[in-house]
Amino acid sequence: MEKMHLICNAHIDPMWQWEWEEGIGAVLSTFRVAAELCEKNDTFIFNHNEAMIYQWIEEYEPKLFERIKLLVKAGKWHIMGGWYLQPDCNMLNGESFIRQSLYGIEYFKEKFGVRPTTAVNFDSFGHTKGLVQILGKCGYDSYLITRPNNEIFPTEDFAFIWEGFAGSEVIVARAESYNSALGQATKKIQQQMEKFKNSDIGFVLWGVGNHGGGPSRKDLKDISLMIKQDDRICHSTPEQYIRDVNLAKDKIEHIDRSIWPFSVGCYTTQILIKQKHRQLENQLIYAEKMASQVAGQDLSDYPSDKLYEAAKDLMLAQFHDILAGTTIQVVEQQAIELLDHGLEETRRIKAKAFFKLCQGQIQAKEGEIPIMVYNPHPYPVKTIVECEFMLADQNHELSFTQPTVFSGGQKLKSQCEKEDSNIPLDWRKRVAFLADLEPMCINRFDIRLERLKEKPSTSLSLEGQEYVLQNDRLSIKINADTGQIEEMTADGFSCLQEGIKLAVYDDNEDPWGMNVNAFDKYLGEFTLLSAEEAAKFSKIKAKNMCPVRIIEDGEVRTVIETLLGYGDSRACVRYYFDKTSNQIGIKIKTYFMEKNKMLKLKIPTTMKHTKFLGKTAFGINNLETNGHEATAQEYVILTDGSRAFSCINTGNYGFSSTGSDLEVSLIRTAAYCAHPYEEREILPQDRFTPRIDQGERNFEFYISCSELNERMSDIEFESALIHQAPMAVSFFPSGEGNIPEILCDLDNKSVQLVAVKKAETGDGYVFRLYNSLKNEQKFRLQIPMLRSEICDTLMGYEFKTYLISDGIVQEINAVEELL
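Residues numbered from 1 in each chain as written. Predicted model: local features only at pLDDT ≥ 70, side-chain atom pairs only at ≥ 80, totals over all residues. Heavy atoms only, no water.

## A closer look at helix α14 (residues 708–723)
Point 1. The terminal C-alpha atoms of α14 lie 22 Å apart, and with 16 residues this matches the ideal 22 Å at 1.5 Å per residue to within 8%.
Point 2. Where burial is concerned, most of α14 is hidden: 12 out of the 16 residues are buried.
Point 3. Taken together, the buried positions of α14 are occupied by Leu708, Arg711, Met712, Ile715, Glu716, Phe717, Glu718, Ser719, Ala720, Leu721, Ile722 and His723.
Point 4. One side-chain oxygen of the residue at the start of α14 lies 3.1 Å from the amide nitrogen of Asn709, identifying that residue as Glu707. (Helix = DSSP H or I, 4+ residues; strand = E, 2+ residues; numbered from the N terminus. Expected span 1.5 Å × (residues − 1). Buried < 20%, exposed > 50% of the residue type's maximum accessible area, 1.4 Å probe, protein only. Polar contact = N/O pair within 3.5 Å; in protein donor to acceptor, adjacent residues only side chain to side chain.)

Right, here's the structure in full:
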């Protein structure tokens, strides 16, 4: 070996077994010691990443921050990585990865005048293949990781070429661990030199972690003696090591797959954080679109500071132990509060923009109630819209006020459904209607009211022991004895071979799932409650209630509710049958009280010899069909090559398949931060220990089956429509002003408008587009408010970023740097 690079760092989890205040304390003390050692040792280089950590130093100890700035300028302190923090690298969508890079790089350029080119993520539990393209388009040429180890993810070398989507590549260097025990750094260096003995170059990560620590005086003194005795060893940086790797780039292995699995239980643990994370990912993008539309037409200022605060909430919640659900209970609660703060910020931004965009709408006619609906998507949309509103006065009679929805004088299909309020008056109303929405603008609808003697009842009834629901493309049968969808036929193809179930599997205390690949020890399933149990669970006055019932039915959809139980646990499952589409909605409310159990939604399809596909960051991953736990984002697909069965979710990340069965992991009732260690008992045996995700939890799914090409073409848009649903508000406009222009109009639904935002420089607007298909796509995006258009071609799964400023369109990289 010719050279051994020593990369000193201090892995600091801002929150994990401790709250963030303690994390700040660890940061301050660690950086103070590191700065002193850099100042006193000529050749020593300290490396650290994560912009958030430096922001803490800047805020809580500004004098230390100024010392670090001088050390960076002198080349003795190296800003590595460049991300905002070290997030989970499986569950983030593509835009979230970009923001981690964008806000980190911007901060380091502004404060230190540096720009890292090697991304760093030591502790994430695996890395999606989608990262490769993102890293390249964020200006990185390399990536430094540790997990998973070579036993789980074997490679020939410590460095390899990682191939991603759209022809992307990046060099990956993997270390066995990111830290060293206190006073034992030289021992680790010697061990690593032995492992690198057949390589020209090697590297080792050293420094005390996890709770801060970094370089110690003893370790640095011992290493100094080692360097004097062996001139192959030197203090270094990730970029310096990668520079040497590049010299031998043509000799190293190529890998074309995601770097996983590791700790597969964390895809499901602490589901509330995962659901709110998904929600804020989408609401941040939604708010930016609306804010750009009103700011671009001088209707309001662009709320850069508030959007950045919401983005910081999101990015901290993406920290690998927080999003993975491996923290203590108090940190779980703090993460939920953090995400709620971000959601509230984005909600206020959206509301302000919404009412600005309502200007120019004519005043309501006498007796009509207007509903304004904003479509956040750049194409026309046909969808079911839900909206609640108030009658002008309370109806104290036993009669019923029936709403009907009109658009441009034309009556639409609509139905009145149970409102969220439980005040027993005919006063608050909820309407669901089938709407055609124009792109990225306010769409106007008007409600007319009719007084009926009583609420209309459903004409649907049992056919034997089944409820049979059908439209032109789809039919389903729900068994009244089981409460399950036991038959589903799409376009004449029978999709299911038995009922959709809530299945229970054996689990353990470990929230990571460190020592397992699958949760496949079946224990049983939720079964239909008896009429007496259903009445007791619902707490109605009658002693009996049918556990399978139609609760809504009309021109638009039918909703059937079933009540189920398993041991001390209960569940309410509602099936939403849309009368005009081939999609079924499933909403599940669970009260899961079991311990050391995994709850899954089990969908037994009729598919044979299938491929299992799952959405990832700017791409589609191939998943295994061996029953092992896998991770995906908004949707998964089973296909036999001609047809495809899809399942869209709103906050789940754990899935498995045996080739025909599709299973979605819902809940794990492990213990908080229960880390297996050797053969020791994990939990104390002398007290009660709280478990994760017991109590009420809510889930939402949308299943479809169609011809393969149709399913692949539609699924991304269907998912976007669910995750960024049109915003509907009952609002009486003033009639003043002019109707604003639409934000943009896109001619290809396979191309997704990922983001629209004000440029970080404040000069112009950034548009990011993504091709959701594996084959090349052309598109034309018209932006009337900027008097511009973008016409381009995207390779399969490629994304591109554009800047429009003063009517000039130019492609830029993902972190808004000129190409």
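Structure shown, so let's carry the discussion forward.
## What to know about the nonpolar core
Point 1. Counting 198 residues, the largest nonpolar core has Trp77 and Phe767 as the members making the most contacts within it.
Point 2. For this core, the element with the most residues is helix α12 (residues 329–357), which contributes 10 residues.
Point 3. Those residues in contact with Phe767 that sit more than four places away from it in its chain are Leu753, Ala755, Val756, Leu781, Ile783, Leu786, Ile790, Lys800, Thr801, Tyr802 and Ile804.
Point 4. Judged by nonpolar contacts, the second largest core, of 51 residues, contains Phe493, Ile560, Ile586 and Phe655. (Core = buried A, V, L, I, M, F, W, Y, C linked by side-chain atoms within 4.5 Å. Contact = heavy atoms within 4.5 Å.)

## Focus on the packing of aromatic side chains
Two aromatic rings, taken as a pair, are described by how far apart their centres are and by the angle between their planes.
Point 1. Taken as a whole and assessed by the stated rule, the structure comprises 33 aromatic pairs.
Point 2. Seen from their ring centres, Trp83 and Phe97 are 6.3 Å apart, and the 55° between their planes marks the pair as tilted. Within this pair, whereas Trp83 is found in the loop between β3 (77–79) and α4 (94–112), its partner Phe97 is found in helix α4, the two being separated by 14 residues in sequence.
Point 3. Taken together, a centroid distance of 6.2 Å and an interplanar angle of 45° make the contact between Phe108 and Phe112 tilted. Of this pair, Phe108 and Phe112 both sit in helix α4, four residues apart, roughly one helical turn. Just as Phe108 is buried, Phe112 falls in that class too.
Point 4. Through successive ring pairs, a cluster of aromatic residues spans Phe31, Phe46, Tyr54, Phe65, Trp77, Tyr107, Phe108 and Phe112.
Point 5. One cation-aromatic arrangement involves Lys350 over Tyr286; the distance from NZ or CZ to the ring centre is 3.8 Å. (Phe/Tyr/Trp six-rings, centres within 6.5 Å; stacked < 30°, edge-to-face > 60°. Lys NZ or Arg CZ within 6 Å of the ring centre and 35° of its normal.)

## Quick word on the environment of Ile68
Point 1. Examined against the element boundaries, Ile68 turns out to sit in helix α3 (residues 62–73).
Point 2. The buried category is assigned to Ile68, whose relative accessible area is 0%.
Point 3. Sequence-wise, Ile68 and Glu58 are 10 residues apart; in three dimensions their C-alpha atoms are separated by 10.0 Å.
Point 4. Look past the residues within four positions of Ile68 in its chain and what remains in contact with it is Phe31, Tyr54, Ile57, Trp77 and Phe112.

## Focus: the side chain of Glu509
Point 1. As for its position among the elements, Glu509 is in the loop between β22 (501–506) and β23 (522–525).
Point 2. This buried residue, Glu509, is left without a salt bridge; Arg691 holds the nearest opposite charge, at 5.4 Å.
Point 3. Among residues more than four places away in sequence, those in contact with Glu509 are Asn596, Ala670, Ala671, Ala674, Ile682, Leu683 and Arg691. (Lys, Arg positive; Asp, Glu negative; His and termini not counted. Salt bridge = Lys/Arg side-chain N within 4 Å of Asp/Glu carboxyl O.)

## Remarks on unusual backbone geometry
Point 1. Omega for the peptide link from Arg147 to Pro148 comes to -10°, which places this bond in the cis form.
Point 2. Along the chain, Pro148 falls in the loop between β5 (142–145) and β6 (159–163).
Point 3. The omega torsion of the bond from Trp260 to Pro261 falls at 0°, within 30 degrees of zero and hence cis.
Point 4. Mapping Pro261 onto the fold places it in the loop between β10 (254–255) and α9 (271–295).
Point 5. A positive phi angle, near 70°, is found at Glu50, a position not held by glycine.
Point 6. Residue position: Glu50 is located in the loop between β2 (46–48) and α2 (51–60).
Point 7. When its relative accessible area of 2% is taken as the criterion, Glu50 is described as buried.
Point 8. For Gln270, which is not glycine, the phi torsion reads 55° and is therefore positive.

## Details of the side chain of Lys350
Point 1. Along the chain, the position of Lys350 falls in helix α12.
Point 2. Buried within the structure, Lys350 lacks any salt-bridge partner; Glu344 is the closest side chain of opposite charge, at an N-O distance of 11 Å.

## Things to note about the sheet that holds strand β21 (residues 493–494)
Point 1. Across the sheet, four strands lie side by side as β18-β19-β20-β21; this open sheet has antiparallel pairing. Each edge of the open sheet is held by one strand with a lone partner, namely β18 (466–470) and β21.
Point 2. Two strands pair when backbone bridges link them, and β18 and strand β19 (residues 474–479) are joined in this way by five bridges, in the antiparallel orientation. Paired with Glu466 across the two strands is Asn479, which belongs to β19. (Pairing = 2+ DSSP bridges.)

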